[in-house]
Amino acid sequence: MESIYSVPKAAIPAVGPTNPIAAYIAAFKASSNTQKMIEAGLQKYDVFRIPLLTRWHIVLSGKRYAEEIKNVQEEVLSFKEAMEEIIDTQYLIGSAAAVTRNASQIDFLARQLGPNLSEMFEALKEEVTLSSAKYIPLSEDWTSIPAYSTIVRMVSQLANCMIVGSPLCRDEGYLDLVTLFLSKYIEARRRKVAYTPAILKGFVARNFTPIPNMVNKTAEYLRPIVEGQQKKSAHSSNDIGDDRSQTFVTWLYQELDAPERTPLRLAQRVLSMNFASIHNSAAVFTNVLYELAHEPHYFLALREEIETMVEYHGWTRDAILHMEKLDSCFKESQRMNVLGSISMNRLAMEDYSLSDGTRIPKGAFISVELLAPHQNAAIYPNPGEFRPFRFVKGAENGNANQFAFPNKDYLPFGIGKHACPGRFFASLMLKTLMAHIILTYDIKFEDDGVKSSPHWYGTFRLPNTKAVLQFRRRK
Ligand code: HEM
């Protein structure tokens, strides 16, 4: 690893001081505002490095390099090793093999989700109706609801309809566990594990963080599903059972080797999938809802489209796929309200040269900056303006304009071999929920006309988590 204390080997310009001690002090001062350093770097360079508390971090301008690194082999620029460095699963979850380094569940997800989306739609629709009735009362009067936390809860029920299926996806205790997991994990890593010497990390994670206990509790929730699968296998002519529709956890059970099919090993993977899916999906949804609540006339245009499509196709996946304005609205919000300024993290496993000759040294940690491509006026006229129907261009453009189809100018899901494998599910889940909400409720901010501003945490950008929206039965 290229520590911040070492003299950097790369001839890559730095933002701020390069002397190790001064750089460490700069990293400490900027730790809550890394974004400012990135902005300063982008003013001058296409490739630069910024000091973080643990190491130098190399930032590549997305405009130029996203395409270039998107399919570089894992042995050269590793996504998995970068993830492992960021989240330390080997210590906290107890198995890097299960979660990052040899994460076969990601291949299953990529393979299984697409073909099963239509079949899954009925279950998803049911959870959309149940969760909104549970968390947003259908009252004639305006009811105030804390937006972000409510959406996190609803999205976790919907995502878990795919991950573990019903009835577990509706179980309040299970949902408490999986929605809390991300924040507890980040806190445990930041406060206890990240800065502990490697030799002690496992001990500290096991004994001084709640994560192992949360994994064990999840395993107990999964036990009945595992036992059900065992019974099915016992009665089936082949070992893996014959029931292949179902959920992420049953695909895993059927695909994994026998020693990996225990509740504990499945829990590690189920939690990692919750980690990857709930909070970013909820943040994307909240951003769209805030944009619309701020400019309610857009609700009416969307309502008209949703009603027309449902009348024509019924409440089906086809109807959702034909809602072009709704899709465009999500894409425009993702363009403007990215969840972070950098993505496509990679760890250089060997020296790598960019096309302009810049050498990325072995051991360097790199990411791609995505705010600049999203604000490129040549691609997006008036890029600072929220134009929800910017991407409605008719069927002749095929899929290319859609929310879940990334390209070099639109990077919220990454691009290339590690582009988010859950993005088509996320798109279906979030648009189905939004279509239901728009048809069912009127919505406004509690403080009329006040647009809630996002929060930056380092390079992450979250929608305002305190804002309150009001809902009433649609008039
Ligand atoms: C709108 C919500 C979502 C956003 C914005 C999002 C974004 C991303 C991004 C930026 C990456 C990394 C891409 C890269 O570095 O090249 C990623 C990876 C991933 N996402 Fe998503 N994601 C979302 C929803 C989901 C959902 C719902 C699931 C699960 C069903 C999911 C599962 C994953 C997994 C497993 C990976 C790791 C991929 C790999 O190892 O190759 N994501 N996502």
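That block above? That's the structure.
Quick notes on the rules
Residues numbered from 1 in each chain as written. Predicted model: local features only at pLDDT ≥ 70, side-chain atom pairs only at ≥ 80, totals over all residues. Heavy atoms only, no water. Salt bridge = Lys/Arg side-chain N within 4 Å of Asp/Glu carboxyl O. Helix = DSSP H or I, 4+ residues; strand = E, 2+ residues; numbered from the N terminus. Buried < 20%, exposed > 50% of the residue type's maximum accessible area, 1.4 Å probe, protein only. Near = heavy atom within 4 Å. Polar contact = N/O pair within 3.5 Å; in protein donor to acceptor, adjacent residues only side chain to side chain. Nonpolar A, V, L, I, M, F, W, Y, C, P; charged D, E, K, R; others polar. Donors = N, O, S within 2.8 Å, 3.2 Å for Na, K, Ca; no water. Pairing = 2+ DSSP bridges.

*Asks:* Please clarify how the pattern of salt bridges should be interpreted in this entry.
*Replies:* Opposite charge on two side chains lets them pair, provided their charged atoms get close. All chains considered together, the criterion is met by 28 salt bridges. Across the pair Glu 307 and Arg 474 runs a salt bridge, and its minimum N-O distance is 2.8 Å. Highlighted residues: Glu 307 in helix H14 (residues 297-313) and Arg 474 in the segment after strand E12 (468-473), separated in sequence by 167 residues. Taking the relative accessible area as the measure of exposure, Arg 474 reaches 28% and is therefore partly exposed. The partner of Lys 431 in a salt bridge is Asp 327, and the shortest N-O contact between them spans 2.6 Å. Residue Lys 431 is found in helix H18 (residues 423-440), and its partner Asp 327 is found in helix H16 (residues 324-336); the two are separated by 104 residues along the sequence. Note on accessibility: Lys 431 and Asp 327 belong to one class, buried.

*Asks:* I tried to follow the site of the ligand on my own but got confused; where do I start?
*Replies:* Residues in close proximity to the ligand total 21 residues, the closest being Phe 79, Met 344, Pro 412, His 418 and Cys 420. A distance of 3.3 Å separates a nitrogen atom of the ligand from a polar atom in the side chain of Asn 280. Ranked by residue count, the leading element in the shell around the ligand is helix H13 (residues 263-294), at six residues. Grouping the amino acids of the shell around the ligand by side-chain chemistry returns 12 nonpolar, eight polar and one charged.

*Asks:* Sorry, what's going on with the coordination of the iron atom of the ligand here?
*Replies:* One donor from the polypeptide reaches the iron atom of the ligand: Cys 420 (SG), at 2.3 Å. Its location among the elements puts Cys 420 in the loop between helix H17 (371-374) and H18.

*Asks:* So what exactly am I meant to see when it comes to the pairing of strand E5 (residues 342-348) here?
*Replies:* Each regular strand displays side chains that alternate between the two surfaces of the sheet. With six of seven residues buried, E5 lies mostly within the body of the structure. Pairing analysis gives two bridges linking strand E3 (residues 77-78) to E5, with the strands arranged antiparallel. Counted as the bridge partner of Leu 77 is Ala 348 from E5. In terms of strand pairing, E5 meets strand E8 (residues 365-369) through four bridges, oriented antiparallel.

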